[in-house]
Amino acid sequence: MPDYPDYSLLELASVREGDSVGTTLANSVAYAQKAEKLGFKRFWLAEHHNMEGISSSATSVLIGHIAGKTESMRVGSGGVMLPNHPPLVIAEQFGTLESLYPGRIDLGLGRAPGTDPVTARALRREALGPEQFPEDVARLQSLLGPLQPGQQVKAIPGAGTNVPVWLLGSSLYSAQLAAMYGLPYAFAGHFAPRLYREAIRVYRSQFRPSQQLERPHAMLALPAVPADSLEEARLLATTSYQRILALFRGQPLWMKPPVATMDGLWHAGEEAGVKDFLALQVMGAAEDIRRQLEPILAGVEVEELMFTVDIYDPEKRRRALDILMGTR
């Protein structure tokens, strides 16, 4: 890599067991404000639905709230799950956000529903699925671009804002689509660690310049547990282990306090599954994380790293950002 990647953050507005959504979102604001002071480039929010313990379902609303509580950091979606929404609605929402916070809004798009099939049908009654995604992306870009003579359907606000569009994914398909459209690409290594090298290589090798982007721009998302020591990080990481275990079991995803040992909480097969899910997780003090990043980044070129930080204590979570920036 010619340069060290920029650092960004992905936020799910995770609710601690027993906390309210209001308290959770206040903690997200404080977390974003700390990130801005430290120089993180972007702060993205992920769209999920019908998941107890995750409060980022109204993604565009939260983007506006975070942008209003910060001053310069880019804020966006990581991502909007486009099969859930008519492109016109998203163009209007993000056109409004861009009008309120010029030059600070990103529109990351995913083709998964971000929920279960029943909820997906409730979100978009036309029953359109991921196969509509390429056409919807093109339609959305058109709605955010300049108005054309005779254009009947217009995003007002939205038209002419040219909000930067990103494609998100965890497969070679999304990498190929981002390359074909000439869009920046973010790979979801925080939950799909296996194909990141192949996907990013495909993206870079097949990239076609576009009006939005002349050269490829790749981002890799990673789970991180920064702490003052590797020993403390191993303890704090049990919060994310418990959440992924709950996900596998179809249970609520409340953030739970760390535990001294996971023995008795999972069986061997579940332990292997959780650790495979989090295979790209980095943890520990700054020197530990720096050392762990080296093999992850070896042989792959990315312009940005985006971290998810699942730490139960809000103060320790904000402290983790200092440690993370100490790795640069």
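Here, every reference points to the structure presented above.
Undergrad: Is there a simple way to explain the overall build of the chain in this structure?
TA: Each helix and strand counted, the chain has 12 helices and nine strands in total. The C-alpha radius of gyration of the chain comes to 19 Å, within 12% of the 20 Å expected for a compact globule of 328 residues. With respect to the three principal axes, the spread of C-alpha positions in the chain is 65 × 45 × 40 Å. Among the 328 residues that make up the chain, the fraction classed as buried is 54%. If you take every contact in the chain between residues at least 6 apart in sequence, the share linking residues at least 24 apart comes to 74%. When the accessible surface of the chain is totalled, it reaches about 14,400 Å², and 53% of it is carbon and sulfur. For the chain, the separation between the mean place of its 32 positive charges and that of its 36 negative charges on side chains is 2 Å.

Undergrad: For this particular structure, what's the right way to read the nonpolar core?
TA: Among soluble globular proteins, nonpolar side chains are generally buried collectively. Of all hydrophobic cores here, the largest spans 83 residues; its most connected members are L107, L109 and F307. Apart from residues lying up to four places away in sequence, L107 is in contact with S77, V80, I90, F94, L140, L144, V163, P164, V165 and W166. Core analysis: the next-biggest nonpolar cluster, separate from the first, contains 13 residues, A46, I54, A186 and A246 among them.

Undergrad: Before we go on, may I ask you to explain unusual backbone geometry in this structure?
TA: Most of the time, phi is negative for any residue but glycine, and the peptide bond is trans. With omega at 0°, the peptide bond leading from G78 into G79 counts as cis. Of note, the bond from I156 into P157 is cis; its omega dihedral lies within 30 degrees of zero at -5°. Mapped onto the elements of the fold, P157 is located in the loop between helix 5 (133-144) and strand 5 (165-169). The backbone of N50 shows a phi angle near 55°, a positive value even though the residue is not glycine. The exposure class assigned to N50 is exposed, which follows from its relative accessible area of 60%. Positive phi, normally seen in glycine, also occurs at N162, with a value near 50°. Looking at the element boundaries, N162 is found in the loop between helix 5 and strand 5.

Undergrad: Would you mind going over the packing of aromatic side chains with me for this structure?
TA: Given two aromatic rings, their pairing is described by the distance between the two centres and the angle made by the two planes. What the rule picks out here adds up to 10 aromatic pairs. Following the ring pairs from residue to residue traces out a cluster consisting of Y4, Y7, F40 and F307. Here the guanidinium or amino end of R317 rests over the ring plane of Y31, the centre of that ring lying 3.7 Å away. One cation-aromatic arrangement involves R328 over Y7; the distance from NZ or CZ to the ring centre is 5.0 Å.

Undergrad: Could you clarify how one ought to interpret the pattern of salt bridges in this entry?
TA: Where charged atoms from two side chains of opposite charge come close, those side chains can pair. The final tally for this structure, using the stated rule, is 18 salt bridges. Residues D228 and R319 are paired through a salt bridge, measuring 2.6 Å at the closest nitrogen-oxygen approach. Residue D228 is located in the loop between strand 7 (218-226) and helix 8 (230-236), and its partner R319 is located in helix 12 (residues 314-325); the two are separated by 91 residues in the primary sequence. Using a relative accessible area of 49% as the deciding quantity, one classes D228 as partly exposed. Overall, the relative accessible area of 38% leaves R319 in the partly exposed class.

Undergrad: I keep staring at the pairing of strand 5 and nothing clicks. Help me out?
TA: Moving residue by residue along a regular strand, the side chains alternate between the two faces of the sheet. Burial within strand 5 is extensive, with five of its five residues counted as buried. What you see with strand 5 is no split at all: V165, L167 and G169 on one side and W166 and L168 on the other are buried throughout. Where strand 4 (residues 105-110) lies against strand 5, three bridges are found, and the strand directions are parallel. Looking at strand 5, one finds that G108 is bridged to W166. After leaving strand 5, the chain enters helix 6 (residues 172-181) and then returns to the sheet as strand 6 (residues 185-187), a path that is right-handed.

Undergrad: Is there a simple way to think about the packing of helix 5 against helix 6 in this case?
TA: Helices that pack against each other are described as a pair by the angle of their axes relative to one another and the distance between those axes. At a closest axis distance of 12 Å, the pairing of helix 5 and helix 6 adopts a crossing angle of 35°. In terms of crossing hand, the pair formed by helix 5 and helix 6 is right-handed. Residues F133, P134, V137, A138 and Q141 of helix 5 form the contact with helix 6, whose own contacting residues are Y173, L177 and Y181. The residue makeup of the contact of helix 5 with helix 6, split by class, is seven nonpolar, one polar and no charged.

Undergrad: Whenever I open this one, the packing of helix 2 (residues 59-69) against helix 3 (residues 87-100) confuses me. Can you help?
TA: Remark: helix 2 packs on helix 3, axes separated minimally by 10 Å, with the N-to-C direction vectors making an angle of 0°. As far as their axial angle goes, helix 3 and helix 2 are roughly parallel. Here S60, I63 and G64 of helix 2 come into contact with helix 3, specifically with Q93, F94 and L97. Class assignment for the residues of the contact of helix 2 with helix 3 results in three nonpolar, three polar and no charged.

Rules used throughout
- Residues numbered from 1 in each chain as written.
- Predicted model: local features only at pLDDT ≥ 70, side-chain atom pairs only at ≥ 80, totals over all residues.
- Heavy atoms only, no water.
- Helix = DSSP H or I, 4+ residues; strand = E, 2+ residues; numbered from the N terminus.
- Rg over C-alpha atoms; globule rule 2.2 N^0.38 Å.
- Buried < 20%, exposed > 50% of the residue type's maximum accessible area, 1.4 Å probe, protein only.
- Contact = heavy atoms within 4.5 Å.
- Areas by Shrake-Rupley, 256 points an atom, 1.4 Å probe, with all protein chains shown as cover.
- Lys, Arg positive; Asp, Glu negative; His and termini not counted.
- Charge placed at Lys NZ, Arg CZ, Asp CG, Glu CD.
- Core = buried A, V, L, I, M, F, W, Y, C linked by side-chain atoms within 4.5 Å.
- Phe/Tyr/Trp six-rings, centres within 6.5 Å; stacked < 30°, edge-to-face > 60°.
- Lys NZ or Arg CZ within 6 Å of the ring centre and 35° of its normal.
- Salt bridge = Lys/Arg side-chain N within 4 Å of Asp/Glu carboxyl O.
- Pairing = 2+ DSSP bridges.
- Right-handed = clockwise from strand over helix to strand, strands pointing away.
- Axes fitted to C-alpha atoms, helices over the stretch in contact; angles between N-to-C directions.
- Left-handed = near helix turned anticlockwise from the far one by under 90°.
- Nonpolar A, V, L, I, M, F, W, Y, C, P; charged D, E, K, R; others polar.
- Parallel < 35°, antiparallel > 145°, perpendicular 65-115°, else oblique.

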